[in-house]
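Given next are the chains, with one letter for each unit.
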Amino acid sequence: MGADFLGRRLSYEAGRLTEEDCGSDPMAFLRLWIDEASEAGLIEPTACALATAGKDGRPSNRIVLLRKLDDGLVFFSNYESRKGQELATNPLAAMTFFWPQLQRQARIEGTVAKVSAAESDEYFAGRPYGSQLAAAASPQSQKIRDRAALTARAEELAAVYPDQVPRPSHWGGFRLTPEAIEFWQGRPGRLHDRILFERGPEGWARARLAP
Ligand SMILES: Cc1cc2nc3c(=O)[nH]c(=O)nc-3n(C[C@H](O)[C@H](O)[C@H](O)COP(=O)(O)O)c2cc1C
């Protein structure tokens, strides 16, 4: 059964994006856009699509939550998941944020490395107990027999660790160090604004891309 969505045509009129708006520090500007998405009441303003590819070059993509913005972009996951395995063989990755109500997109490309064990420990210890249990109980991305197998494993762990679960060694943070960051603001008539930052020997270089 086919479908078409030809009737859906939104004109993007929420804003514009100039070189001056972006300034010279794309990480500070990314922070501003996340803050503005949050202030606009968007749910999960830090959710982004994370694209990876393993040795075979076959891309895979999923949503993760950005948890920290410092020299890089930090997210947390299972190191043995599909993304974890792909990043272990090929550390190049791309992230895309989409904030629909603001008609904005940000794209980041870079290299991913695990954060330190101490950093993962600290974050894990601050997670709600249920999230700790889930991280420890779930062999993320593996085929499992049924849901009951998962909940049984969570119950077993809850009996062993009634208050606080220790961080499993297969779970922790990743930091993507950006080499390119692009900001996109929708404009009327599909003449959108795109400003790209690329990291070079002299620091960030800024350019405008055709939409
Ligand atoms: C809104 C949202 C937030 C998510 N946040 C995370 C996250 O921070 N870390 C994570 O491992 N998975 C997160 N997930 C689940 C992933 O999208 C994905 O299902 C999981 O990480 C397994 O991916 P993989 O098999 O490609 O490794 C999130 C999903 C959604 C929809």
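Our structure is the block above this text.
Scope of this entry: the structure provided in the associated data block.

Cut-offs used in this document
Residues numbered from 1 in each chain as written. Predicted model: local features only at pLDDT ≥ 70, side-chain atom pairs only at ≥ 80, totals over all residues. Helix = DSSP H or I, 4+ residues; strand = E, 2+ residues; numbered from the N terminus. Buried ≥ 20, exposed ≤ 12 C-beta atoms within 10 Å, placed from the backbone. Contact = placed C-beta atoms within 7 Å. Near = placed C-beta within 6 Å. Nonpolar A, V, L, I, M, F, W, Y, C, P; charged D, E, K, R; others polar. Core = buried A, V, L, I, M, F, W, Y, C linked by C-beta atoms within 7 Å. Axes fitted to C-alpha atoms, helices over the stretch in contact; angles between N-to-C directions. Left-handed = near helix turned anticlockwise from the far one by under 90°. Pairing = 2+ DSSP bridges.

**Focus: the overall build of the chain**
Okay, step 1: When helices and strands are counted, the chain shows six helices and nine strands.
Okay, step 2: Here the C-alpha coordinates of the chain stretch approximately 60 × 50 × 40 Å along the principal axes.
Okay, step 3: Per-residue burial over the chain gives 23% buried out of 211 residues.
Okay, step 4: At a minimum sequence separation of 6, the contacts of the chain that also span at least 24 residues come to 61%.

**Overview of the environment of Gln101**
Okay, step 1: With respect to the secondary-structure elements, Gln101 resides in the loop between strand 5 (92-99) and strand 6 (104-114).
Okay, step 2: You can call Gln101 exposed: it has 10 C-beta atoms within 10 Å.
Okay, step 3: Separated by 61 residues in sequence, Gln101 and Ala40 have C-alpha atoms that sit 8.1 Å apart.
Okay, step 4: When sequence neighbours within four positions are dropped, the list of residues in contact with Gln101 reads Ala40 and Leu42.

**Considering unusual backbone geometry**
Okay, step 1: Phi at Glu44 takes a positive value of approximately 50°, unusual for a residue other than glycine.
Okay, step 2: When you line up the elements, Glu44 lands in the loop between helix 2 (26-39) and strand 1 (47-53).
Okay, step 3: Owing to 12 C-beta atoms within 10 Å, Glu44 belongs among the exposed residues under this scheme.
Okay, step 4: Phi at Arg190 takes a positive value of approximately 65°, unusual for a residue other than glycine.
Okay, step 5: Relative to the assigned elements, Arg190 resides in the loop between strand 7 (171-185) and strand 8 (193-200).
Okay, step 6: You can call Arg190 exposed: it has 10 C-beta atoms within 10 Å.

**Side note on the site of the ligand**
Okay, step 1: Within the structure, the ligand sits among 16 residues, and Arg62, Ser77, Ser81, Arg82 and Ser141 are positioned closest to it.
Okay, step 2: Looking at the shell around the ligand, the elements with two or more residues in it are strand 2 (59-65), strand 4 (73-78) and helix 3 (82-89).
Okay, step 3: Considering each element in turn, the shell around the ligand owes the most residues, five residues, to strand 2.
Okay, step 4: In the shell around the ligand, the residues fall into six nonpolar, six polar and four charged.

**Quick look at the nonpolar core**
Okay, step 1: Residues Met95, Ala106 and Leu176 are the most contacted members of the largest nonpolar core, which totals 26 residues.
Okay, step 2: For this core, the leading source of residues is strand 7, giving five residues.
Okay, step 3: Once residues within four sequence positions are removed from consideration, Ala106 is found in contact with Leu30, Trp33, Phe97, Ile181, Glu182 and Phe183.
Okay, step 4: Residues Phe124, Ala135, Ala136 and Val165 belong to the second largest nonpolar core, which totals five residues.

**Observations concerning the packing of helix 5 (residues 129-137) against helix 6 (residues 147-160)**
Okay, step 1: Two numbers describe how helix 5 lies on helix 6: the axes approach to 9 Å, and their chain directions differ by 120°. Helix 6 is crossed by helix 5, and the crossing has right-handed handedness. Here helix 5 contributes Leu133, Ala134, Ala136 and Ala137 to the contact with helix 6, which in turn contributes Leu150, Arg153, Ala154, Leu157 and Ala158.
Okay, step 2: Looking at side-chain class alone, the contact of helix 5 with helix 6 contains eight nonpolar, no polar and one charged residues.

**A word on the pairing of strand 7**
Okay, step 1: Of the pairings in the sheet, the one linking strand 4 to strand 7 comprises six bridges and is antiparallel in character. Counterpart to Asn78 in the pairing with strand 7 is Trp171.
Okay, step 2: With eleven bridges joining them, strand 6 and strand 7 adopt antiparallel strand pairing. Paired with Val112 across the strands is Leu176, a residue of strand 7.
Okay, step 3: Judged from the six bridges that link them, strand 7 and strand 8 form a sheet pairing that is antiparallel. Bridged to Glu182 within strand 8 is Leu196.

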